[in-house]
Amino acid sequence: MSELKSTPAVNATGGSITGAMSTFDHEQVVFCQDNATGLKAIIAIHNTTLGPAVGGTRMWAYASESDAITDVLRLSRGMTYKSALAGLNIGGGKAVIIGNARTDKSEALVRRFGKFVNSLGGKYITAEDVGISTRDMEYVKMETNHVVGLPEYRGGSGDPSPVTAYGVYMGMKASVKQLTGNDSLAGKKVLVQGVGHVGEYLVEHLVKENAKVMIADIYDDRVKHVVDTYGVTAVNVDEVYKQDMDIYSPCALGATINDETLAMLNCGIVCGAANNQLKDEKVHGVKVLEKGMLYAPDYLVNAGGIINCYWEIIGYNRNAALAQAEQIYQTTLDIYKKSSEDKIPTYLAANQMAEARIAAVGEMKKKI
Ligand code: NAD
């Protein structure tokens, strides 16, 4: 059951939704429909063993309902693993609103969605995701308190990116420690691909530690800003994988570890913020291992965002969120240890550790 990418596709179960749910033991799926606002949404609750299901709401013009269901089942399960491995007492959930975020969204539609979230009584707590803006989250908040990731002026935890970047930095230091016995990044050649919210904060940490930083971004103004501010070197976006580097840090897109890039990449460590870095975890997780590269599992090292949300649920404190993100260092080392002892790829070691925590805490909770 430890393969996260194996999607419980509805098509694979002959259109049976409960069949797809049973593949990875999803607890509940809620279909939400409203003619007046045009809302069509699906909320998936994968696992609440550790606590309420938390995960963002995505608005996307899915080609079919079955694509939407497949996506929400896959994403909610991913959240269960991410929160479990980060040591949080929350479970995995996700919601999708079916529609074009530019043309189909209205205040009434988003607030109606908020009412559906509210009807679950806190079993699912929502947050922002693709196609949903901060303004939309404020609309959701008008209808329910079961929402996190709000801006600071609304009493929320604000931009999670500094916490995410700190977690990636911790994962990177642990990876260097694993490889060299010393966790210093001084003099290490690090390429940060994508210097947006997370990438820029990461560059700041790296420069402070005297790493030799290279950056790439599709937007020239981002590149200029980061080069001018931190004195780092820019490389062309098409030249990223050929660079001479110790650490490749994907902070833009998913699936950048694939057959083509692995043929070019010559680095000891892959550690970055992007989600789903392995194009196919079963194939490329193994290939990375065979190449002798250390892959810091993406959903562990980028868990700062959900850690930040967690602290918003239990009482926000930025320093506490950063302290918890610091624990990513030890968890990364634990994953490398398990990967090396069990001779399995790091993504699998991460998945098994998440499953073990859910099982152990679940057993503990049964006792009086
Ligand atoms: P962002 O949109 O602010 O930054 C992404 C940057 O990547 C942008 O500057 C963009 O121009 C650049 N980019 C896009 N395509 C590129 C390419 N082909 N080559 C080089 N640069 C490219 O996003 P972010 O919030 O910084 O998040 C970065 C990644 O981390 C995303 O994959 C996101 O899903 C993931 N993530 C972010 C958080 C968070 O707290 N923001 C948490 C978990 C995961």
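Residues numbered from 1 in each chain as written. Predicted model: local features only at pLDDT ≥ 70, side-chain atom pairs only at ≥ 80, totals over all residues. Heavy atoms only, no water.

## Describing unusual backbone geometry
Which entries qualify depends on this criterion: Any residue under 20% of the maximum accessible area for its type is buried, any over 50% is exposed, and the rest in between are partly exposed; the area is computed with a 1.4 Å probe on protein chains only. Helical segments are the DSSP runs of H or I of at least four residues, strand segments are the runs of E of at least two, and each set is numbered from the N terminus.
In this structure, Asp25 is a non-glycine residue whose phi angle is positive, near 55 degrees. Given a relative accessible area of 59%, Asp25 falls into the exposed group. One non-glycine residue, Asn276, adopts positive backbone phi at about 50 degrees. Mapped onto the fold, Asn276 is located in the loop between β10 (269–270) and α9 (281–290).

## Observations concerning the sheet that holds strand β5 (residues 124–128)
Pairing between sheet strands relies on hydrogen bonds along the backbone, with the strands arranged either parallel or antiparallel. Selection criterion: In short, DSSP must find at least two bridges between two strands for them to pair. Orientation is described by axes fitted as lines to C-alpha atoms, over the contacting stretch for helices, and by angles from 0 to 180 degrees between their N-to-C directions. Whether two residues are in contact is decided by their heavy atoms: any pair within 4.5 Å suffices.
The sheet built from 5 strands is open, its strands ordered β1-β2-β4-β3-β5 with mixed pairing. Of all strands in the sheet, those with a lone pairing partner are β1 (28–34) and β5, marking the two edges. Sheet twist, expressed as the average angle between the axes of neighbouring strands with direction ignored, equals 25 degrees. Sheet strands in contact with helix α2 (residues 65–85) are β1, β2 (39–47), β3 (53–60) and β4 (91–98), and its direction is about 155 degrees off that of β4.

## A word on the site of the ligand
Filter applied, for reference: Neighbouring residues are identified by heavy atoms, a residue being near a molecule or strand if any of them is within 4 Å of it. Pairs of N or O atoms within 3.5 Å make up the polar contacts considered here, provided that, within protein, one atom can donate a hydrogen while the other can accept it, and that residues adjacent in sequence are counted only when both atoms are side-chain atoms. Surface accessibility in these figures is a Shrake-Rupley result with a 1.4 Å probe; residues are shielded only by whichever protein chains are displayed.
Looking at the ligand, there are 21 residues lining it, with Thr164, His197, Val198, Asp217 and Tyr219 nearest. One of the backbone N or O atoms of Val198 is found 2.8 Å from an oxygen atom in the ligand. In the model, an oxygen atom of the ligand is placed 3.1 Å from a nitrogen or oxygen of the Asn275 side chain. Surface burial for the ligand is 74%, taken as the share of its 830 Å² of free accessible area covered by protein chains. For the shell around the ligand, the secondary-structure elements that each account for two or more residues are α5 (161–180) and α6 (197–208).

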